[in-house]
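Residue strings, one per chain:
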Amino acid sequence: MHALPQVPFLPRGERKEEGDNQTSPVELLLLGLSNVPKLQVPLFLLSLMIYMVTMFGNLLIVVLVVTDRHLHTPMYFFLGNFSSVGICYTSTLLPRLLASFLPRDRTTSAQGCMVQFFFFGCFAGAECYLLATMSYDRYLAIRQPLLYASLMNWKLCLQLAAGSWIAGLLISTIVTGQFSKLRFCGPNTIDHFFCDFAPLLELACSDTTVLRLVTLIICFLDVVFPFVFTLVSYICIIAAILRIPTTMGRQKAFSTCSSHLIVVTVFYGTLIAVYMIPRTASLRQINKVLSFFYTVLTPMVNPLLYSLRNREVKGALGNALRKTGLEISY
């Protein structure tokens, strides 16, 4: 992967002379979740606990999917990819957030900010497409149960999973490339806990028309299209479930997709709220809380939803614990 281009960052009001290729090495100040000194230690401990739980839960899902042959199915293959995205996603944001609670460590370089923005975009895009892929998998399983094995074969599984990761990579590369062409001015302060699109755009002092147009197109491809596809898939799934004649059959069918439906609702609900709420001074704290919810809390909750509501995952965990000489009861 090519190195990200240097980001021109100039003090506000200073104009870059034509032909001058030098840029100012400027550090950005991330204000974080709160500026209240008394809250720094509790927030640090809370974030550290969330990070540890998230990493443990998602790593556990990945290990179970890889090692337990009962989970070698398309549904759990996609779940393993989804948990891998959660690991990468969290590792992009939380270490920097933890560092922001330490004294005199809230600054980051402009280049470092672009790197975080790039990887955040990669994994966020991949997550959107993986959610759409998982909904399509459940649609085929419920709507075409007899043809499911032949339709959702391993070749298609690999193509869909690889396509999700590649789509996130390409989309983030395009947006970050456009961002790197802008000049940024002071005050070099980002009122957020990570380098997100809107806070970075507020620091731009050059024309952002092209970037806004590209981002509008990208948002349709990266967020709107997967969301609509997922929504339509679940409408079809619910319609198919309602046509099942027996109550037990409907309950069994719904149990296979209920966890994923909850994840989709929470993720897209908070994501849409974050980018619909205007970034006015009075609403910025609410924006931070919602951003914290979909970027930090959601990856932590996902393994709990899939394990606590899924008999196969609990069975695989029980088998793994028995192999190590431990016992567990559900």
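The text that follows walks through the structure, step by step, so that each part is easy to find. (Residues numbered from 1 in each chain as written. Predicted model: local features only at pLDDT ≥ 70, side-chain atom pairs only at ≥ 80, totals over all residues. Heavy atoms only, no water.)

Here we look at the sheet that holds strand β5 (residues 189-190)
Strands belonging to one sheet form pairs held by backbone hydrogen bonds; the direction of such a pair is parallel or antiparallel. Threshold: Between any two strands, at least two bridges found by DSSP are needed for them to pair. A run of DSSP states H or I qualifies as a helix once it reaches four residues; a run of E qualifies as a strand once it reaches two. Both are numbered from the N-terminal end.
Reading across the sheet, the three strands line up as β3-β2-β5 and stay open at both edges, with mixed pairing between neighbours. Strands with a single pairing partner mark the edges of an open sheet, and in this sheet they are β3 (107-109) and β5.

Focus: the side chain of S135
We apply this condition: Only protein chains enter the accessibility calculation, which uses a 1.4 Å probe; a residue whose area is less than 20% of its type maximum is buried, one above 50% is exposed, and one in between is partly exposed. The contact criterion used throughout is that any non-hydrogen atoms of two residues lie within 4.5 Å.
Examined against the element boundaries, S135 turns out to sit in helix α3 (residues 110-143). A residue is classified by how much of its surface remains accessible, and S135, at 0% relative accessible area, is buried. Residue contacts for S135: discarding those within four places in its chain leaves F229, T230, S233, Y234, I237 and H260.

Here's the deal with the packing of helix α5 (residues 154-179) against helix α7 (residues 209-242)
So the rule is basically this: An axis is simply a line fitted to the C-alpha atoms; with a helix, the fit covers only the stretch in contact. Between two such axes, the angle follows the N-to-C directions and lies from 0 to 180 degrees. An angle counts as roughly parallel when it lies under 35 degrees, as roughly antiparallel when it exceeds 145, as roughly perpendicular when it falls between 65 and 115, and as oblique in every other case. Crossing chirality is assigned from the near helix's rotation relative to the far helix, an anticlockwise turn below a right angle marking it left-handed and a clockwise turn marking it right-handed. Put simply, Ala, Val, Leu, Ile, Met, Phe, Trp, Tyr, Cys and Pro go in the nonpolar bin, Asp, Glu, Lys and Arg in the charged bin, and everything else, Gly too, in the polar bin.
Across the interface, α5 lies against α7 with an axial gap of 10 Å and an inter-helix angle of 165°. By the angle between their axes, α5 is roughly antiparallel relative to α7. Of the two possible hands of crossing, α5 and α7 adopt the one that is left-handed. Contacts between α5 and α7 involve I171, I174, V175, Q178 and F179 from the former and V210, L211, V214, T215, I218 and D222 from the latter. The residue makeup of the contact of α5 with α7, split by class, is eight nonpolar, two polar and one charged.

Focus on a nonpolar patch on the surface
Heads up, the condition is: Patch membership requires more than 30% relative accessible area and the absence of a salt bridge. Residues of like charge join within 9 Å; the nonpolar side chains Val, Leu, Ile, Met, Phe, Trp and Tyr join within 5 Å. All accessible areas in this document rest on Shrake-Rupley with a 1.4 Å probe, and a residue is counted as covered only by the protein chains that are shown. We define a salt bridge as a contact between a side-chain nitrogen of Lys or Arg and a carboxyl oxygen of Asp or Glu at a distance within 4 Å.
Taken together, the side chains of L213, L216, I217, F220, L221, V224, F225, V228, F229 and V232 make up a nonpolar region of the molecular surface, amounting to roughly 900 Å² of accessible area. You can see L221 is positioned in helix α7.

Looking at the pattern of salt bridges
Pairing of side chains with opposite charge becomes possible as their charged atoms draw close. The full count for this structure, using the stated rule, is two salt bridges. For D137, the salt bridge is made with R138, and the minimal N-O distance between the two is 2.9 Å. In this structure, the salt-bridge partner of D191 is K288, at a minimum N-O distance of 2.8 Å. One end of the pair, D191, is in the loop between β5 and α6 (197-201); the other, K288, is in helix α10 (residues 284-308), with 97 residues separating them in the sequence.

Let's talk about α5
What counts here: To estimate the expected span of a helix, count its residues, drop one, and scale the result by 1.5 Å. Polar contacts, as counted here, are pairs of nitrogen or oxygen atoms within 3.5 Å of one another; within protein the pair requires one atom able to donate a hydrogen and one able to accept it, and residues that are adjacent in sequence qualify only if both atoms are side-chain atoms.
Taking 1.5 Å of rise per residue, the 26 residues of α5 would be expected to cover 38 Å, and the 38 Å separating its terminal C-alpha atoms lies within 8% of that figure. For α5, the full list of buried residues reads C157, A161, S164, A167, G168, I171, S172, V175, T176, Q178 and F179. In this structure, the buried residues of α5 make contact with α2 (74-100), α3, β4 (184-185), α6 and α7. By the N-cap criterion, in which a side-chain oxygen at the helix start approaches the backbone nitrogen of a residue two or three places on, α5 is capped by N153, the distance to K155 being 3.2 Å.

Some details on the packing of α3 against α5
Axis separation between α3 and α5 bottoms out at 7 Å; the angle between their running directions is 145°. You can see that α3 and α5 cross each other, and the crossing is right-handed. Side by side, α3 and α5 meet where M114, F117, F118, G121, C122, F123, G125, A126, Y129, L130, T133 and Y136 of the first sit next to L160, S164, W165, A167, G168, L169, I171, S172, T173, V175, T176 and F179 of the second. Taken together, the residues of the contact of α3 with α5 sort by class into 16 nonpolar, eight polar and no charged.

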